[in-house]
Amino acid sequence: MRPSKRHSRPASVERDLARLADGTLDPSERERVEGLVAGSAELQARLREQRYAVAATSSVVSRELAPLTLHMRRRSLAPRPRRRGPLFAVGAIATTGVLLWTLAVLGGSQAGLTVAQAAALRERPATIVVAEPRDDGVTLPHLRAAGLPFPYWEDRFHWDAAGARTDRRGGHDETTVFYRGPGQSVAYTIVSGRSLPSAAGARTLVRSGTTLVVYPKTGVVTWLRRGHTCVLSGRGVPIQALLKLAVWRGSGRIPY
Amino acid sequence: MPAAADHALPRTAGMSAPARRLDPNHLGDHLDRLYRAAWALCGSREDAEDLVQETYARVLQKPRILRSEEDLGYLLRVLRNTHFSRLRAAARRPRTDPLPDELDRVADARATTPDKALHSAELYAQIAALPDPFREALVAIDVVGLSYREAARALRVREATITTRLYRARQRLAHTLGDHASAVTPG
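Not measured: the values here are computed from a predicted model.

Trainee: Let's hear about helix α3 (residues 45–59) of chain B: which residues, and what values?
Mentor: Residue and element names in this part refer to chain B. Between its first and last C-alpha, α3 extends 21 Å over 15 residues, near the 21 Å set by a 1.5 Å rise per residue. Residues R45, A48, E49, L51, V52, T55, Y56 and V59 constitute the buried set of α3. Each buried residue of α3 sits inside an arc of 165° when the element is viewed along its axis, so together they form one side.

Listed below in structure tokens is the structure:
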């Protein structure tokens, strides 16, 4: 096919090929440009180059997320929250009630960080986006606390990781992942550093080789992974469901 | 999962918006894309983190009014300007010896496998090595995901110009990556 006058200008050809390669070429132009390309081995080679670069770039950028440290650094720059309206006040009062109840039952008045305070993070909002693992992965990518990954529960238990947050209190880093199930949610917090002391009302049991501390009244389960306290907390979630989640090791691929 | 939407990197719509104040509470929504852009500009993950943080610090210094511009396009422009400011400042400082290349090959702890880590580092390094106008076009459109119109607005050039630059950036990148692939392929 003979090139049109428009394509006698190299820059115009380049622009058409660039847009054809990434699919943004106007549909009214597409047929014409594809016809030109079909009739020219040189244009076909140039289009292949464009598509190769597009594919190479998109394959990499689609899997690169900002590291957790950068999320934390950005948050440190963020402005203080604005004043909220009456609806927020109602929600805040309800949340405060839940927190006070949890703190009272789990002994939040003790000095230092407590299980109660860690468990209360379930009422806080997520601030970090969580990615899905590839293929048959059993842990969430790009997210670790004290070197420990968080489990990916969606395939096995249908709990979807909805987001995460990080906090630092009493010399401990607390990293929390929020999982959503049907009408319910749980928060999984890994508290770095020295293990947290058990509070009153706890029962201890061993399941699948893991020693678990259970607080039936408040729906909280704690255990240790490599010396760091893990706190699994869910409002209205049966304790048996929490226990099942807590001891799942992904066929030995989740480090405990 | 919610994160999947961000991974898909859809092209943004390119719609114009009236003058409005940039909402600091939503700046975190763009962190992943800005990080990728910064990495592609700097060629180094560590420098990219610093660059993004400095960009956010600049933006948050005072209220920002945007006219007919999307947040992401505006942030990309600030990121680019901050990058060049840092380069100018670095040029005035004494230079230190760079780390040996071999260290880059074990640096990516977050990638799924080491070969993917190397591939990411290699690609970002090749993008960072492109001439400035070409690199900026490719970063704005292929890395950040802006539409051609938004990219042209963010970089203050005509849409036709940015399209031509993008073509040439991709062409160079394809040649470089092709050379690299053939150099490391046995036989």
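Trainee: Just give me the short version of the interface of chain B and chain A, but keep the residues and values in it.
Mentor: Facing 39 residues of chain B, the contacting portion of chain A comprises 40 residues. Those elements that place two or more of their residues in the side of chain B that touches chain A are α1 (3–7), α2 (31–42), α3, α5 (114–128), α6 (132–143) and α8 (159–184) of chain B. For the side of chain B that touches chain A, the leading source of residues is α8(B), giving 11 residues. For the side of chain B that touches chain A, a count of residues per class yields 21 nonpolar, nine polar and nine charged.

Trainee: Mind laying out the sheet that holds strand β5 (residues 184–191) of chain A, listing which residues take part and the relevant values?
Mentor: Residue and element names in this part refer to chain A. One open sheet accounts for seven strands, arranged β3-β4-β5-β9-β8-β7-β6; its pairing is antiparallel. Edge positions in the sheet fall to β3 (160–169) and β6 (203–207), since each of these pairs with one other strand and no more. Strand after strand, the sheet turns through a mean of 25° between neighbouring axes, direction not considered. The pairing of β6 with strand β7 (residues 210–215) spans five bridges and is classified as antiparallel. Within the sheet, the bridge partner assigned to R203 lies in β7 and is V214. Contacts between helix α8 (residues 239–247) and the sheet are confined to β5, β6, β7, β8 (220–225) and β9 (228–234), with β7 contributing the most and set at about 150° to the helix.

Trainee: Please give an account of the nonpolar core that cites residues and values.
Mentor: Core analysis: the largest hydrophobic core is formed by 103 residues, its most contacted members being V177(A), A37(B), A38(B), L138(B), A140(B) and A151(B). Take this core: its biggest share by element is nine residues, from α2(B). Split by domain, this core shows at least three residues from each of two domains, domain 1 (6–61) and domain 2 (68–247) of chain A. Not counting chain neighbours up to four residues away, the residues in contact with A151(B) comprise A137(B), A140(B), I141(B), L146(B) and I162(B).

Trainee: If you had to explain the packing of α2(B) against α3(B) to someone new, which residues and values would you point to?
Mentor: Residue and element names in this part refer to chain B. For the pair α2 and α3, the least separation of the axes is 8 Å and the interaxial angle reads 125°. Here α2 lies oblique to α3, going by the angle between them. As α2 packs across α3, the resulting crossing turns out to be right-handed. Judged by residue contacts, L34, Y35, A38, W39 and C42 of α2 engage R45, D47, A48, L51, V52 and T55 from α3. Residues belonging to the contact of α2 with α3 are distributed by class as follows: eight nonpolar, one polar and two charged.

Trainee: Describe the environment of G147(A), with residues and values.
Mentor: Residues and elements named next belong to chain A. As for its position among the elements, G147 is in the loop between β1 (139–145) and β2 (148–151). Owing to 11 C-beta atoms within 10 Å, G147 belongs among the exposed residues under this scheme. Taking C-alpha positions, G147 is 9.3 Å from S192, a pair spaced 45 residues apart along the chain.

Trainee: Give me the lowdown on the confidence of the model for chain B, citing residues and values where you can.
Mentor: Residues and elements named next belong to chain B. On average, residues of chain B carry a pLDDT of 76, and 71% of them reach 70 or more. Confidence, read as mean pLDDT per element, is least for α1 in chain B (29) and greatest for α6 (94). Across residues 1–17, confidence stays below pLDDT 50; counting only partners more than four residues off in sequence or on other chains, it has 37 contacts. Low pLDDT, under 50, characterises residues 95–115; the predicted model gives this stretch 11 contacts beyond four residues in sequence or across chains. Our summary of model confidence lists the complex with pTM equal to 0.51 and ipTM equal to 0.72.

Reading the values: the criteria
Residues numbered from 1 in each chain as written. Chains lettered and ligands numbered in written order. Predicted model: local features only at pLDDT ≥ 70, side-chain atom pairs only at ≥ 80, totals over all residues. Helix = DSSP H or I, 4+ residues; strand = E, 2+ residues; numbered from the N terminus. Expected span 1.5 Å × (residues − 1). Buried ≥ 20, exposed ≤ 12 C-beta atoms within 10 Å, placed from the backbone. Arc of directions from axis to C-beta. Contact = placed C-beta atoms within 7 Å. Nonpolar A, V, L, I, M, F, W, Y, C, P; charged D, E, K, R; others polar. Pairing = 2+ DSSP bridges. Axes fitted to C-alpha atoms, helices over the stretch in contact; angles between N-to-C directions. Core = buried A, V, L, I, M, F, W, Y, C linked by C-beta atoms within 7 Å. Domains from an automatic or database assignment. Parallel < 35°, antiparallel > 145°, perpendicular 65-115°, else oblique. Left-handed = near helix turned anticlockwise from the far one by under 90°. pLDDT = per-residue confidence, 0-100.

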